Each structure stands twice: as structure tokens, then as C-alpha cells.
Amino acid sequence: MSQFDLTGKIALITGASYGIGFAIAKGYAKAGATIVFNDIKQELVDKGLKAYEEEGIKAHGYVCDVTDENAVNEMVAKIEKEVGVIDILVNNAGIIKRIPMTEMTAAEFRQVIDVDLNAPFIVSKAVIPSMIKKGHGKIINICSMMSELGRETVSAYAAAKGGLKMLTKNIASEYGEYNIQCNGIGPGYIATPQTAPLREIQPDGERHPFDKFIIAKTPAARWGNPEDLEGPAIFLASDASNFVNGHILYVDGGILAYIGKQPK
Ligand code: NAP
Ligand code: GCO
């Protein structure tokens, strides 16, 4: 069997009704995994189930707010009873608030930290005990360019994603001896609903200034697609990465390597 085969594995991808999580789940299904996902609202879970069905994937969907520890523990227990022990966890659910720091309330800052950092802690903590009992596990945290870089208006998000990078390294350090590998994926700028405001066509028909900026900052000279993350995610979920631990795999078209194209 190929090292990249996920047949027989159960994968929980959080917040995967659409966007990056949905693409990663599609990739896992193609590699043979059983797909389990959650979203906050039933209507989104139903929408997600329909979307998976249209891709020929029989997914299992659960309503759960990943910031609610009791709800997460109940969901994981339900998944273990109804589907089986989770072999692969992708902490994908995330939000961003683009607000200048001095105008951001502490409550808004905490809300981003809650979803983007506290929730990966809560969900990882819920699945690790069964992974230890099973003798293996894969945890993949969806980090960001903002795990390494800052920019205006994303202070909470950068703090969360920087923390998520270190949580990834710490889970790898603390549970590596139980054959659990914890790594991160750091997507570059990917065309999803989360970045749609940064790509809006301007009233004069011009591309968004930030869109032009990102193209100039990316050697690949394009935005990423969610599907660009499928292969890297399969690698980190498969036996092919059993000796890769605590690593953040940046899938960014080269942004982190590049000073940026000189403006004409
Ligand atoms: P997205 O389109 O906004 O999707 C985020 C998903 O997370 C949605 O399904 C959302 O559900 C879910 N979610 C949010 N809060 C939740 C909660 N408390 N409990 C459960 N589900 C929750 O985002 P995306 O672009 O696919 O990004 C996915 C991940 O990649 C995020 O962690 C993001 O930070 C990260 N990332 C994105 C990019 C990019 O350029 N797009 C780049 C690097 C990293 P609802 O619709 O119900 O809110
Ligand atoms: C932003 C973007 C980024 C991307 C991603 C980059 O406002 O700068 O939303 O944060 O979402 O995290 O890796």
C-alpha cells in the first residue's frame, strides 16, 4: 500500500463545510479516509454534507462550536461511538477580524484567540487520549503567513497563528513518543470566503490594491487555491510523514522566500 494511502483512517477536519477545510477533506477522501467534519450551525453542516455528496463523498457532519470545550468533548465521544476513533485531526476552523489594533476591543481580540488558538488546544486535547490508546495519530494545525509575519489590522490573528505554531511544536514535543505526529500547514494567500474582501473588484473595475500587492509578493504570481493544499495535507496525514514532527509546512507559492517584485 502506498505511504500516502489513508484507507481505513478516520479524519476529523474542523470547520470544513467549505473553504480550505473542505478541500483538505476532499483530498483525504480521494486518499481513502473516512471524512468527519463540524460546523457551528446545522444549516451549514447540511450544506456541507450536500457538497460532499456532490463530490461522491459520504461524510459525517456534526454541529459543534470548537471554542466550547464541553461541546467538543461530547462531539468527539459521539464520533468515537458512531464512526470510530479519530486517526487524523485537522484544526482548520478559524476566523479573522481586520481591525487596527488601537480600535479593536479586548473582546474582539479574545474572540479571534478563542477560535484560532484556544480551540485547536481544546480539540487536540480531546482526541489525543484515544490516539495514545490506538498507538498512533496525526494532528495538523492550519497556521498562516501570520505565524511568521505581521501586517496592519491583523494583530489578534497574527498572535493566534503565531501561538498555534508554537502549540504545534509543543504537542509534537509532548506526544511524539506515543507515535503522534503534530505538524502545521501555513497556507499563503488562498482564494476562499475569508480572503474575498481582499480580492474585491474596485468600483473603477480595477483589481483590489491588496490583490495586486499579493501578486507582487508571490513568486508564483497568483493566489493559491484551496486544492493547492490537498497534497501537503495528505503528506502530513499519511505514513509518509511518520518521522516529520513539529514542522510547519508553508504552502505559499514562495511568499516567505521573496522580497517582492519592484513596482513598475
Ligand atoms: P473560511 O472560508 O472563513 O472558513 C472557516 C471555517 O471555519 C468555516 O466553515 C467556519 O464556519 C468555521 N468556523 C469558524 N468559527 C468556528 C467555530 N467557532 N466552530 C466551528 N467552526 C468554525 O476560512 P478559510 O479561508 O477556509 O480558512 C480555513 C483556515 O485556514 C482558517 O484557520 C484560516 O485562518 C486559515 N488560513 C486561511 C488562509 C486564506 O488565505 N484563506 C491562509 C492561511 C490560513 P462558519 O461559516 O459557520 O463561521
Ligand atoms: C490577511 C489574510 C491572511 C490570510 C492568511 C495568510 O488579512 O492578511 O486574511 O491573514 O488569511 O492567513 O496566510
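The rules behind these values
- Residues numbered from 1 in each chain as written.
- Chains lettered and ligands numbered in written order.
- Predicted model: local features only at pLDDT ≥ 70, side-chain atom pairs only at ≥ 80, totals over all residues.
- Heavy atoms only, no water.
- Near = heavy atom within 4 Å.
- Polar contact = N/O pair within 3.5 Å; in protein donor to acceptor, adjacent residues only side chain to side chain.
- Areas by Shrake-Rupley, 256 points an atom, 1.4 Å probe, with all protein chains shown as cover.
- Pairing = 2+ DSSP bridges.
- Helix = DSSP H or I, 4+ residues; strand = E, 2+ residues; numbered from the N terminus.
- Axes fitted to C-alpha atoms, helices over the stretch in contact; angles between N-to-C directions.
- Contact = heavy atoms within 4.5 Å.
- Nonpolar A, V, L, I, M, F, W, Y, C, P; charged D, E, K, R; others polar.
- Phe/Tyr/Trp six-rings, centres within 6.5 Å; stacked < 30°, edge-to-face > 60°.
- Buried < 20%, exposed > 50% of the residue type's maximum accessible area, 1.4 Å probe, protein only.

J.: I keep staring at the site of ligand 2 and nothing clicks. Help me out?
T.: Near ligand 2, the surroundings consist of 14 residues, among which Arg-98, Ser-144, Arg-151, Tyr-157 and Tyr-189 are the closest. Within the side chain of Arg-151, one N or O atom sits 2.6 Å away from an oxygen atom of ligand 2. Between ligand 2 and the protein, one listed contact pairs an oxygen atom with a backbone N or O atom of Pro-187 at 2.8 Å. Protein chains shield 97% of the accessible area of ligand 2, which is 330 Å² for the free molecule.

J.: Explain the sheet that holds strand S5 (residues 137-142) here, please?
T.: Hydrogen bonds along the backbone pair up the strands of a sheet, which may run parallel or antiparallel. Across the sheet, seven strands lie side by side as S3-S2-S1-S4-S5-S6-S7; this open sheet has parallel pairing. A strand with exactly one partner marks an edge of an open sheet, and here the two such strands are strand S3 (60-63) and strand S7 (248-251). Within the sheet, the average angular offset between the axes of one strand and its neighbour, ignoring direction, is 20 degrees. Bridge count between strand S4 (residues 88-91) and S5: four bridges; the pairing is parallel. Paired with Val-90 across the bridge in S5 is Ile-140. On the sheet, helix H2 (residues 42-54) packs against strand S2 (34-39) and S3 and is oriented at approximately 150 degrees with respect to S2. The strands that helix H4 (residues 106-134) touches are strand S1 (10-14), S4, S5 and strand S6 (180-187); relative to S4, the one it contacts most, it runs at about 175 degrees.

J.: Help me understand the site of ligand 1, please; the structure alone is not making it clear to me.
T.: In the vicinity of ligand 1 there are 29 residues, among which Tyr-18, Asp-39, Asn-92, Tyr-157 and Thr-192 approach most closely. Val-66 has a polar backbone atom sitting 3.1 Å from a nitrogen atom of ligand 1. For ligand 1, whose free accessible area comes to 880 Å², the fraction covered by protein is 92%. Those elements that place two or more of their residues in the shell around ligand 1 are helix H1 (19-30), S2 and helix H5 (155-175). Across the shell around ligand 1, the residue classes tally to 16 nonpolar, nine polar and four charged.

J.: In this structure, what is going on with the packing of aromatic side chains? I would like to understand it.
T.: Geometrically, a pair of aromatic rings is defined through the distance of the ring centres and the angle of the planes. Evaluation of the coordinates by the stated rule reveals six aromatic pairs. When the centroid spacing of 4.5 Å and the interplanar angle of 45 degrees are considered together, the rings of Phe-22 and Tyr-52 count as tilted. On the criterion of sequence distance, the pair formed by Phe-22 in helix H1 and Tyr-52 in helix H2 is long-range, its members being 30 residues apart. The exposure classification of Phe-22 matches that of Tyr-52, with both residues buried. An angle of 55 degrees between the planes, with centres 5.5 Å apart, marks the rings of Phe-210 and Phe-213 as tilted.

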